[in-house]
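Summary of the model geometry
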Amino acid sequence: MEYIVLNNGVKCPVVGIGTFMLSPADAENSVREALKMGYRMIDTANAYVNERAVGRGIKSSNVAREKIFLSTKLWPSEYENPNAVEETLNRLGVDYVDLLYIHQPAGNWLAGYRQLEKAYRDGKAKAIGISNFEGKYLAELETKWEIVPQFMQAEAHPYFPQTELRRTLDKYGVKLMSWYPLGHGDKSLLQEPVFTVLGKKYGKSPAQVILRWHTQMGFAVIPGSKNVDHIHDNLDILNFTLTADEMAEIAKLDRNMRYYHRTDEQLVQFAAWRPGFEKA
Ligand SMILES: NC(=O)c1ccc[n+]([C@@H]2O[C@H](COP(=O)([O-])OP(=O)(O)OC[C@H]3O[C@@H](n4cnc5c(N)ncnc54)[C@H](OP(=O)(O)O)[C@@H]3O)[C@@H](O)[C@H]2O)c1
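Residues numbered from 1 in each chain as written. Predicted model: local features only at pLDDT ≥ 70, side-chain atom pairs only at ≥ 80, totals over all residues.

**Some points on helix α4 (residues 109-121)**
Along its 13 residues, α4 runs 18 Å from first to last C-alpha, staying within 8% of the 18 Å computed at 1.5 Å per residue. If you check which residues of α4 are buried, you get Trp109, Gly112, Tyr113, Gln115, Leu116 and Ala119. Relative to the axis of α4, the buried residues are bounded by an arc of 150° and lie together on one face. Where the residues of α4 are buried, they touch β5 (69-74), α3 (84-92), β6 (99-102), β7 (128-131) and α5 (136-142). At the C-terminal side of α4, glycine 123 shows a positive phi close to 80°. (Helix = DSSP H or I, 4+ residues; strand = E, 2+ residues; numbered from the N terminus. Expected span 1.5 Å × (residues − 1). Buried ≥ 20, exposed ≤ 12 C-beta atoms within 10 Å, placed from the backbone. Arc of directions from axis to C-beta. Contact = placed C-beta atoms within 7 Å.)

**A few points about the packing of helix α2 (residues 51-61) against α3**
Where α2 contacts α3, the axes come no closer than 6 Å and their chain directions differ by 45°. Taken as axis vectors, α2 and α3 run oblique relative to one another. Between α2 and α3, the contacting residues are Glu51, Arg52, Val54 and Gly55 on the first element and Thr88, Arg91 and Leu92 on the second. (Axes fitted to C-alpha atoms, helices over the stretch in contact; angles between N-to-C directions. Parallel < 35°, antiparallel > 145°, perpendicular 65-115°, else oblique.)

**Comments concerning the site of the ligand**
Surrounding the ligand, one finds 24 residues, the nearest of these being Gly18, Phe20, Gly185, Gly224 and Ser225. When residues of the shell around the ligand are assigned to their parent elements, the largest contribution, three residues, is made by helix α10 (residues 228-235). Of the residues contributing to the shell around the ligand, the split by class is eight nonpolar, 13 polar and three charged. (Near = placed C-beta within 6 Å. Nonpolar A, V, L, I, M, F, W, Y, C, P; charged D, E, K, R; others polar.)

**Quick word on the packing of helix α1 (residues 24-37) against α10**
Their axes nearest at 10 Å, the elements α1 and α10 cross at an angle of 40°. Taken together, the axes of α1 and α10 lie oblique to each other. Both α1 and α10 take part in a crossing whose hand is right-handed. Residues Ser30, Glu33, Ala34 and Met37 of α1 lie in contact with α10, whose contacting residues are Val228, Ile231, His232 and Leu235. Residue composition of the contact of α1 with α10, by class: five nonpolar, two polar and one charged. (Left-handed = near helix turned anticlockwise from the far one by under 90°.)

**As for the sheet that holds β7**
Within a sheet, each strand pairs with its neighbour through backbone hydrogen bonds, oriented either parallel or antiparallel. Read from one edge to the other, the open sheet built from eight strands follows the order β3-β4-β5-β6-β7-β8-β9-β10, with strand pairing classed as parallel. Edge positions in the open sheet fall to β3 (17-18) and β10 (220-221), since each of these has one partner strand only. (Pairing = 2+ DSSP bridges.)

**A word on the nonpolar core**
With 74 residues, the main nonpolar core has Val31, Val97, Leu99, Leu100, Ile102 and Ala125 as its most contacted residues. When residues of this core are assigned to their parent elements, the largest contribution, five residues, is made by helix α9 (residues 206-216). Once residues within four sequence positions are removed from consideration, leucine 100 is found in contact with Thr72, Leu74, Leu116, Ala119, Ala125 and Ile128. (Core = buried A, V, L, I, M, F, W, Y, C linked by C-beta atoms within 7 Å.)

**Description of unusual backbone geometry**
One non-glycine residue, valine 49, lies in positive phi territory at about 50°. Considering the arrangement of structural elements, one finds valine 49 in the loop between β4 (41-43) and α2. Phi is positive for asparagine 62, which is not a glycine, with a value near 65°. Inspection of the secondary structure puts asparagine 62 in the loop between α2 and β5.

**Things to note about the pairing of strand β8 (residues 151-155)**
Across the five residues of β8, five count as buried, placing the element largely inside the fold. Inspection of the sheet shows β7 paired to β8 by three bridges, in the parallel sense. When the sheet's bridge partners are listed, glycine 129 is paired in β8 with phenylalanine 151. Of the crossover connections in this fold, the one passing from β7 over α5 to the parallel β8 is right-handed. Of the pairings in the sheet, the one linking β8 to strand β9 (residues 175-179) comprises five bridges and is parallel in character. Each residue of the ladder has a partner; that of phenylalanine 151, found in β9, is lysine 175. (Right-handed = clockwise from strand over helix to strand, strands pointing away.)

Here you go:
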């Protein structure tokens with residue numbers, strides 16, 4: 001495994017598994033199989049409604065808790081719930097997480113951020129992060145944080161390498177964790193000729209070349225999958241290195257193009273929605 005050293009000295013594996021849109025049964029299966037194959041990072045969220053399943057997958061993998069970097073996210077409905085962190089830990093079946101995010105800049109997000117800071121001080125989160133806080137939200141938080149976060153989780157891939165956001169993150173040593181790293185499976189990204197050519201050179205699939213690009217950009221990456229072959233391939237990316245010229249070729253794909261466009265109206269809806277958490 002390769003690691004990123006965070007601005008508080010904590011080490012984070014460069015590649016993990018994401019669990020967005022995975023049913024509890026699929027999440028449990030993917031997490032257990034991923035850990036058995038050697039993954040050491042898992043990303044979930046209150047909103048994915050699969051935290052209990054992720055906890056079950058961790059237990060049945062028989063990999064020791066302290067070897068796993070576990071990341072989850074508080075949803076806006078939980079920002080003013082004083083028990084939000086404890087309830088999240090209970091669902092996951094752990095007594096700390098390695099990384100705790102606030103998921104969206106919706107509702108009383110500053111109260112959510114204060115909960116992260118408290119969890120960090122109490123040792124219940126070894127690192128903290130913000131998710132989808134680009135632009136004015138990050139600018140406001142910069143004036144209010146008491147603890148600088150370790151991560152920003154945001155959409156990033158070769159069509160959208162987050163060049164502008166990274167200028168701010170770099171000032172504080174905040175690392176980027178890419179979501180939609182494979183363009184959410186978009187065929188046009190996966191079929192870009194440059195990835196086929198480089199895949200042939202290194203004996204890798206286009207998806208593996210894209211994931212290696214992320215890690216060489218200095219990003220942590222959490223491809224989502226419920227396919228055991230893909231899960232296996234997505235970890236098998238650390239035994240080749242793209243050259244500077246190849247990284248420059250991939251940089252030409254930058255279209256400043258997001259797949260996901262969040263509106264202000266959606267932020268209002270996010271604040272009003274409460275996940276229907278799995279029952280114990
Ligand atoms: N903070 C946020 O707001 C936010 C938003 C979105 C996502 N996320 C996080 O980021 C993670 C990654 O995002 P994502 O899962 O939505 O998108 P993604 O990783 O870009 O793409 C996942 C899609 O790619 C396919 N895939 C995975 N590995 C592949 C491979 N080796 N070859 C070909 N296809 C492959 C998967 O299908 P198969 O299942 O068939 O493999 C799935 O359809 C999420 O799981 C979640 O943890 C966070």
